[in-house]
Amino acid sequence: MVGSHDISIKKETNKAKKAQIHHSSVSELFRGSFPLFVNRYHEGFDLREHDHEFLELVYIKSGEGYHYVGESMERTAKGYMYLLPLGTSHILRPSDASGKHKLVVYNLCIRPEFISELKSWLASYSTSSNHILWSIFDGLPGSYIRIVDRAMRLGSAFEQLHQEYEEMKPGYEASMMSILLQLIVHIARQLEQLENIDNNMVGNSATPTELSLAIDYINEHLTDPLTLESIAEKSGMSQRHFIRLFGKWTGMGFSDYVQHKRMELACRLLVETDHKIDHIANNVGYRDIAHFRQVFRKWLGTSPSEYRKKEKVYDQ
């Protein structure tokens, strides 16, 4: 029960399957036996959701957009850093296809067999009170650590790592290792300043019950007319309080969240079914096919038919 309003969650029995996740292997990236890989990448709409058999640190150098991790989605922007354990699936998307807010990221990948060696070394040269230094690598698949580096202190470390990796000057391996250690220390110190490290781990944050039920309700009723007023009322909250909590926990406004989740469902239906575009539009809450196409292009940077054609090629 939420106040005087009860939100019942009805599970969909015919929910479309999620598009297949690409599995990124060690052999795709790393040079020989060297345990680190670094690149700088302009995120767009060409990559699909993927997971890794290595640990990845992602740093947003510039721009803004959205970060999907498993079933969750949040806004991301310059200065955000993510530590993604082995097996955590994710994808980054720019905020739109115009290129106005280009999403440029650094990716630092670490071989899985090197992680235990790194943890052992850190543990040997750290006091027991500094367990965060090595425990940050213990995340389970599906979890992640997020740090908001508002002062952009971590950015220089990623820039130096990328420069060393690209130039490959004599001794670049040792230089990269020293930068990596400094980066880990900076990350650990920032985490220590947080009141609760678990608040940065997906699945461990304590979303208020009322809001959690409201979000579940939205996700399960995407085909229905959804208004801020009705959802706030069902949640037993004032609109002002609902807007504040909703923005805090989802990182976006109500309308943007609903649109984004509808587009996510539309993408699944386009790939996993052979339904016509107008039928899919209707099934994700759009009665006007032209409006559906307009919204789809805004979020995905392409038309529904072009998206279906490209993604079905991936799945072959």
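Reading the values: rules and limits
Residues numbered from 1 in each chain as written. Predicted model: local features only at pLDDT ≥ 70, side-chain atom pairs only at ≥ 80, totals over all residues. Heavy atoms only, no water. Core = buried A, V, L, I, M, F, W, Y, C linked by side-chain atoms within 4.5 Å. Buried < 20%, exposed > 50% of the residue type's maximum accessible area, 1.4 Å probe, protein only. Helix = DSSP H or I, 4+ residues; strand = E, 2+ residues; numbered from the N terminus. Contact = heavy atoms within 4.5 Å. Axes fitted to C-alpha atoms, helices over the stretch in contact; angles between N-to-C directions. Parallel < 35°, antiparallel > 145°, perpendicular 65-115°, else oblique. Left-handed = near helix turned anticlockwise from the far one by under 90°. Nonpolar A, V, L, I, M, F, W, Y, C, P; charged D, E, K, R; others polar. Salt bridge = Lys/Arg side-chain N within 4 Å of Asp/Glu carboxyl O. Pairing = 2+ DSSP bridges.

Considering soluble globular proteins, one finds that nonpolar side chains tend to be buried as a cluster. Ranked by internal contacts, the top residues of the largest apolar core, which has 41 residues, are Ile218, Phe242, Phe254, Phe292 and Phe296. Where this core is concerned, the elements lending two or more residues are β5 (64-69), α5 (209-220), α6 (228-234), α7 (239-250), α8 (254-272), α9 (277-283) and α10 (289-300). If near-sequence neighbours (up to four positions away) are discounted, Phe242 is found in contact with Leu211, Ala214, Leu228, Ile231, Ala232, Ser235, Met237 and Phe254.

Look at helix α3 (residues 155-167) against helix α4 (residues 172-192): their axes get within 9 Å of each other, and the N-to-C directions meet at 165°. Considered as vectors, α3 and α4 are oriented roughly antiparallel to each other. Here α3 runs over α4; the crossing is left-handed. Residues Ala157, Phe158, Gln160, Leu161, Glu164 and Tyr165 of α3 form the contact with α4, whose participating residues are Tyr172, Ser175, Met176, Ile179, Leu180 and Leu183. Within the contact of α3 with α4, the residues separate by chemical class into nine nonpolar, two polar and one charged.

Below, the discussion takes up the environment of Leu57. One can find Leu57 in strand β4 (residues 55-62). The class for Leu57 is buried, based on a relative accessible area of 3%. If near-sequence neighbours (up to four positions away) are discounted, Leu57 is found in contact with Met81, Tyr82, Leu83, Tyr106, Asn107, Leu108, Ile110, Phe158, Leu183 and Ile187.

The full count for this structure, using the stated rule, is eight salt bridges. A salt bridge links Arg75 to Asp256, with the shortest nitrogen-to-oxygen separation between them at 3.0 Å. Here Asp256 lies in helix α8 and Arg75 lies in strand β6 (residues 72-77), a separation of 181 residues in the sequence. Its relative accessible area of 29% is what places Arg75 among the partly exposed residues. Classification of Asp256 by relative accessible area gives partly exposed; the value is 23%. A salt bridge links Glu306 to Arg297; the shortest N-O distance between them is 3.9 Å. Each of Lys261, Glu264 and Arg268 takes part in one network of salt bridges that share partners.

With that settled, consider the sheet that holds strand β2 (residues 36-43). What links the strands of a sheet is backbone hydrogen bonding, and the strands pair in either a parallel or an antiparallel sense. Strand order in this open sheet of five strands is β2-β9-β4-β7-β10, and the pairing throughout is antiparallel. The open sheet has two edge strands, β2 and β10 (145-148), and neither has a second partner. Across the sheet, the mean angle separating the axes of adjacent strands is 15° when strand polarity is ignored. Where β4 lies against strand β9 (residues 103-110), seven bridges are found, and the strand directions are antiparallel. Paired with Tyr59 across the two strands is Tyr106, which belongs to β9.

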